[in-house]
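Chain by chain, the residues:
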Amino acid sequence: MAAPARRLCHIAFHVPAGQPLARDLHRLFGFQPLAVREAGGWRQLALRSGDAVFLVNEGTGPQEPLYSLDPHHSVPSATNLCFDVEDVDGAARALTARGCIMPVPPTRVRDAQGTATYTVLSSPAGNLSLTLLQRAGYRGSFLPGFRPLPCTPGPGWVSHVDHLTLACTSGSSPTLMRWFHDCLGFHHLPLSPGEDPELGLKVAAGSGRGGLRLTALQTPPNSTVPTLVLAESLPGLNSKQDQVEQFLTRHGGPGLQHVGLYTPNIINASEGMEKAGCRLLTPPEAYYQQPGKEEQILAAGHKPGLLERQGILLDGDKDEFLLQVFTKSLFAEDTFFLELIQRQGATGFGQNNIRALWQAVQEEAARAQGA
């Protein structure tokens, strides 16, 4: 591996001036402003909830935004993942030797709190770029070049990023898996016993209806990098209308489809977000009427009626349960969304929940077309 990723620093978004993403992250999801930079046509605002940090790059300018790359993309998008590495200069040399494209060479930024060095790497995953950052000893609240903002306690709905899901073109997952392994040290994480890394986990939506292929990747245990999930459509009658194909069409190609945010209490978090005005995705009505679902929810220590009212999905058994709820898209283009996830011993992603999400997105799309 050329540049082992040690920690996720932040996720960067690029939006037009006036787009309300930063406001919504604060008002609807409890993220608190952390630091800001305004220069060269860009307004860059970092927001935090627990260890999860989002950097919203708003506007455009003649130069690249600090610690990122202007993707010149036609729609608002999550366009950059920033990872801590041990040695930026060495990583850049190793990646260049592998033939990687480095649009921003190693660059040093200094302020009164210390120094950070970063470089930006193009990825084969659509408009997604990767920033490699070295900031050992930096004493500021975020990064050099940013003005810290007054620290205000948030509601604590989100503690950290659990996983990152990339929407990929059909058949591209094996190539992407090898690239992330060779360049950043990710390796295959089986989601089912005996899973073939080249095939991933197939989650069929039903006979002839297509579904999803998921391939999960993780870094070594001594790092704190979220799981990376590669998602692509399975062939089927409805494959051109499923959420991955919809994303690829509306987004203009592959990219970061959603971020899974870990919450210590999904009921409190979803209730608080909904009261703040967040739009949550409604699961299929039949989900909570499945045989054994009520007993499964009770075995996990929850009330079936409460989970149904909040649209919370639950999967698992034998004291290993997974709870999830999904937001509607944060952008008018109906692309990127967020997920809240709470784990009670479970480490996977719940095949039944994946099917329910697939169906919920299909029903939401049908309602939108009929409106």
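Analysis parameters
Residues numbered from 1 in each chain as written. Predicted model: local features only at pLDDT ≥ 70, side-chain atom pairs only at ≥ 80, totals over all residues. Heavy atoms only, no water. Helix = DSSP H or I, 4+ residues; strand = E, 2+ residues; numbered from the N terminus. Rg over C-alpha atoms; globule rule 2.2 N^0.38 Å. Buried < 20%, exposed > 50% of the residue type's maximum accessible area, 1.4 Å probe, protein only. Contact = heavy atoms within 4.5 Å. Areas by Shrake-Rupley, 256 points an atom, 1.4 Å probe, with all protein chains shown as cover. Lys, Arg positive; Asp, Glu negative; His and termini not counted. Charge placed at Lys NZ, Arg CZ, Asp CG, Glu CD. Domains from an automatic or database assignment. Buried area = accessible area lost by both parts, 1.4 Å probe. Salt bridge = Lys/Arg side-chain N within 4 Å of Asp/Glu carboxyl O. UniProt positions renumbered as here; feature names shortened; annotations may be inferred. Polar contact = N/O pair within 3.5 Å; in protein donor to acceptor, adjacent residues only side chain to side chain. Phe/Tyr/Trp six-rings, centres within 6.5 Å; stacked < 30°, edge-to-face > 60°. Pairing = 2+ DSSP bridges.

1. Regarding the overall build of the chain
- Summing up its helical and strand segments, the chain has eight helices and 18 strands in all.
- Expected size for 371 residues packed as a compact globule is a radius of gyration near 21 Å; at 20 Å, the chain falls within 12% of this value.
- With the C-alpha coordinates aligned to their principal axes, the bounding extent of the chain is approximately 60 × 45 × 40 Å.
- In the chain, which comprises 371 residues, the proportion classed as buried is 56%.
- For the chain, restricting intrachain contacts to residue pairs at least 6 apart in sequence, the fraction spanning at least 24 positions comes to 67%.
- Carbon and sulfur atoms provide 52% of the accessible area of the chain, an area that totals close to 15,700 Å².
- With 30 positive and 34 negative side-chain charges, the chain shows a separation of 5 Å between the mean positions of the two kinds.

2. Considering the domain arrangement of the chain
- As assigned here, the chain comprises domain 1 (7–148) and domain 2 (160–370).
- Domain 1 and domain 2 are separated by 25 Å when their C-alpha centres are compared.
- The interface is formed by 35 residues belonging to domain 1 together with 33 residues belonging to domain 2.
- With both chains or domains summed, domain 1 and domain 2 bury close to 2,700 Å², and 78% of this area falls on carbon and sulfur atoms.
- On the domain 1 side of the interface with domain 2, the three residues burying the most area are Leu28, Phe29 and Pro124, jointly 19% of the side's total.
- For the pair domain 1 and domain 2, the number of links is zero salt bridges.

3. Considering the UniProt feature "binding site: Fe cation" (unreviewed entry) in the chain
- Mapped onto this numbering, the UniProt entry annotates "binding site: Fe cation" (unreviewed entry) at His163, His258 and Glu339. Spanning 177 residues, the named residues form one tight spatial group whose C-alpha atoms are at most 9.4 Å apart.
- Mapping His163 onto the fold places it in strand E10 (residues 160–167).
- Residue His163 is classed as buried on the basis of its relative accessible area of 1%.
- Tracing the sequence through the fold places Glu339 in strand E18 (residues 337–344).
- Residue Glu339 is classed as buried on the basis of its relative accessible area of 1%.
- Glu339 has contacts with His163, His258, Val259, Gly260, Leu261, Gln324, Val325 and Phe326, leaving out every residue within four places of it along the chain.
- A distance of 2.9 Å separates polar atoms of two side chains, one belonging to Glu339 and the other to His163.

4. Notes on the pattern of salt bridges
- For the coordinates displayed, the defined rule picks out ten salt bridges.
- Close ionic contact of Asp24 with Arg23 constitutes a salt bridge, the shortest N to O distance being 3.1 Å.
- Exposure remark for Asp24: the relative accessible area of 13% places this residue in the buried category.
- Shared partners join several salt bridges into a network, and the residues in it are Arg7, Asp84 and Arg135.

5. A closer look at the UniProt feature "domain: VOC" (unreviewed entry) in the chain
- Per the UniProt entry, the sites bearing "domain: VOC" (unreviewed entry) are residues 7–135 and 160–328 in this numbering.
- Summarising residues 7–135: 13% helix, 50% strand, and an end-to-end C-alpha distance of 12 Å.

6. Quick look at the packing of aromatic side chains
- Under the criterion given, the structure shown has twelve aromatic pairs.
- Aromatic side chains Phe83 and Phe186 sit 6.3 Å apart centroid to centroid with 70° between the ring planes, which places their arrangement in the edge-to-face category. In this pair, Phe83 sits in strand E5 (residues 77–84) while Phe186 sits in the loop between helix H3 (173–184) and strand E11 (187–189), placing the two residues 103 residues apart along the sequence. The exposure classification of Phe83 matches that of Phe186, with both residues buried.
- Taking the centre distance of 6.2 Å and the plane angle of 70° together, the rings of Phe326 and Phe337 count as edge-to-face. Of the two residues, Phe326 sits in strand E17 (residues 320–326) while Phe337 sits in strand E18, which places them eleven residues apart along the sequence.
- Phe326 sits in the buried class, given a relative accessible area of 6%.
- With relative accessibility at 10%, the residue Phe337 sits in the buried group.
- Following the ring pairs from residue to residue traces out a cluster consisting of Phe13, Phe31, Phe54, Phe331 and Phe336.

7. Quick look at helix H2 (residues 88–97)
- Taken together, the buried positions of H2 are occupied by Val88, Gly90, Ala91, Ala92 and Leu95.
- The inward-facing, buried residues of H2 contact strand E6 (104–111), strand E7 (114–122), strand E8 (129–134) and H3.
- Looking one or two residues beyond H2, the residue adopting positive phi is Gly99, at roughly 90°.

8. Quick word on the sheet that holds strand E4 (residues 52–59)
- Reading across from one edge, E6-E7-E8-E5-E1-E4-E3-E2-E9 is the order of the nine strands in this open sheet, with mixed pairing throughout. The open sheet terminates on both sides in strands that have one partner only, identified here as E6 and strand E9 (147–148).
- As paired elements, E6 and E7 share six bridges and run antiparallel to each other. Across the sheet, the residue bridging to Val104 is Val120, located in E7.

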